[in-house]
Amino acid sequence: MPRPMQRSEDPEAAFHARIGAENLGALWVGRRGLDLTRPGTPARPAVWRFDDVRPRLMEAGALVSAENAFRRVLVLQNPGFGGAMRATQTLYAGIQLVLPGEIAPCHRHSQTAIRFVIEGSGALTTVDGAATAMRPGDMVVTPQWTWHDHRNEGGEPAIWLDILDTPLIDALDTVFRETHRETLQPLTRAEGDMRPAFNRRAASARDALDRLARETRPDPCLGWRHRCDDPGPTMAAFLQRLPRGFDGAPRRASDGAVYCVVEGAGATETGDGTLEWAARDVFVVPGWCRHRHLADNGAVLFSVSDLALQERLGLWREQRWEGGES
Ligand code: GTQ
């Protein structure tokens, strides 16, 4: 009877072991069994319900001040990344709390930040010397390397969703960050001086969306979707209306997205479970994940993805199943 072959006697295994020590690897082995026809993001469809997150945020509020935490944020960690600070492969998302009278100190960084205001009307963000009020539904952009601080001058907690391109900028090894010598930067300009405008008021995006809904037919997969002016070189932001009774056609796109539910309730079906969501919840649809939206009573969704960068690189793809075929 032949002896079972020992590892050391298998010339290929011995080869791999030897070259591994020389920082070499065999491509045909590393790829074995992988589906190389499509991206394989570890990101999973996920939802964070505001009613679950808010009490945790208030606990955090009792534990640490905004100033001591620097940013008092609960990070939305996609379960596919094992506790890493990623909502998708390229986007970071977190829910930030600034209590009445508090300050989140001034700093700047090479990432672009988008804030979508969920609760409270008393907060202000200052971006490069110009202050803007943050009201529910507003999208406030902090362009890369602009000084920014937040303060709450009102009487209620201010809560917003932060979306940053941190995992993307980190992948390029280009994360830089600087703290301002003062907690609050001096105000040097009127809000309107900022070009391009860094606060895309909720009302103006809603006007654009309403116009779309009046003048066009809803897209079978997306309903009506308005693309806001790109908040920077990497990310795109959308405001989208799913009409009453929406029973969307399946679609997938190479840009994974973080959604915040502005109004209404509904569900998003994926091959990896159904996400049920309502106003103020946040959910993630990973890149190239086939999904469809449902909204019996209609809904309005805000979303952000890395579409702007994918377009610049000529990489963006989309696939739709509009004819009802599977
Ligand atoms: O408000 O500047 O959620 O720098 C993460 C990093 C918020 C901010 C975050 C940040 C900020």
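Just above, that's the structure.
Residues numbered from 1 in each chain as written. Predicted model: local features only at pLDDT ≥ 70, side-chain atom pairs only at ≥ 80, totals over all residues. Heavy atoms only, no water.

A.B. asks: Would you explain the sheet that holds strand β11 (residues 177-179) in this entry?
C.D. replies: The sheet built from five strands is open, its strands ordered β7-β6-β9-β4-β11 with antiparallel pairing. Each having just a single partner strand, β7 (130-134) and β11 make up the two edges of the open sheet. Across the sheet, the mean angle separating the axes of adjacent strands is 25° when strand polarity is ignored. (Pairing = 2+ DSSP bridges. Helix = DSSP H or I, 4+ residues; strand = E, 2+ residues; numbered from the N terminus. Axes fitted to C-alpha atoms, helices over the stretch in contact; angles between N-to-C directions.)

A.B. asks: Help me out: how do you make sense of a nonpolar patch on the surface in this one?
C.D. replies: A cluster of nonpolar residues, Phe15, Leu27 and Trp28, forms a patch on the protein surface that exposes about 330 Å² of accessible area. Tracing the backbone through its elements, the reader meets Trp28 in helix α2 (residues 27-30). (Patch = residues over 30% accessible without salt bridge, like charges linked within 9 Å, V, L, I, M, F, W, Y side chains within 5 Å. Areas by Shrake-Rupley, 256 points an atom, 1.4 Å probe, with all protein chains shown as cover. Salt bridge = Lys/Arg side-chain N within 4 Å of Asp/Glu carboxyl O.)

A.B. asks: Quick question: what am I supposed to make of the site of the ligand here?
C.D. replies: Around the ligand, the surrounding shell consists of Arg71, Val73, Tyr92, Gln96, His107, His109, Arg115, His148, His150, Asp162 and Leu164. His109 has a polar side-chain atom sitting 3.0 Å from an oxygen atom of the ligand. A distance of 2.8 Å separates an oxygen atom of the ligand from a polar side-chain atom of His148. Coverage of the ligand by the protein amounts to 89% of the 290 Å² it exposes when considered alone. Within the residue set of the shell around the ligand, elements represented by two or more residues are β3 (92-98), β4 (103-109), β9 (148-152) and β10 (158-164). (Near = heavy atom within 4 Å. Polar contact = N/O pair within 3.5 Å; in protein donor to acceptor, adjacent residues only side chain to side chain.)

A.B. asks: Explanation requested: the environment of Ser65 in the structure shown.
C.D. replies: As for its placement among the helices and strands, Ser65 is situated in the loop between α3 (50-63) and α4 (66-69). By relative accessible area, Ser65 is classed as partly exposed at 28%. Expressed as a C-alpha distance, the spacing of Ser65 and Ala104, which sit 39 residues apart in the sequence, is 8.9 Å. Contact partners of Ser65, with chain neighbours within four places excluded, come to Arg72 and Glu102. (Buried < 20%, exposed > 50% of the residue type's maximum accessible area, 1.4 Å probe, protein only. Contact = heavy atoms within 4.5 Å.)

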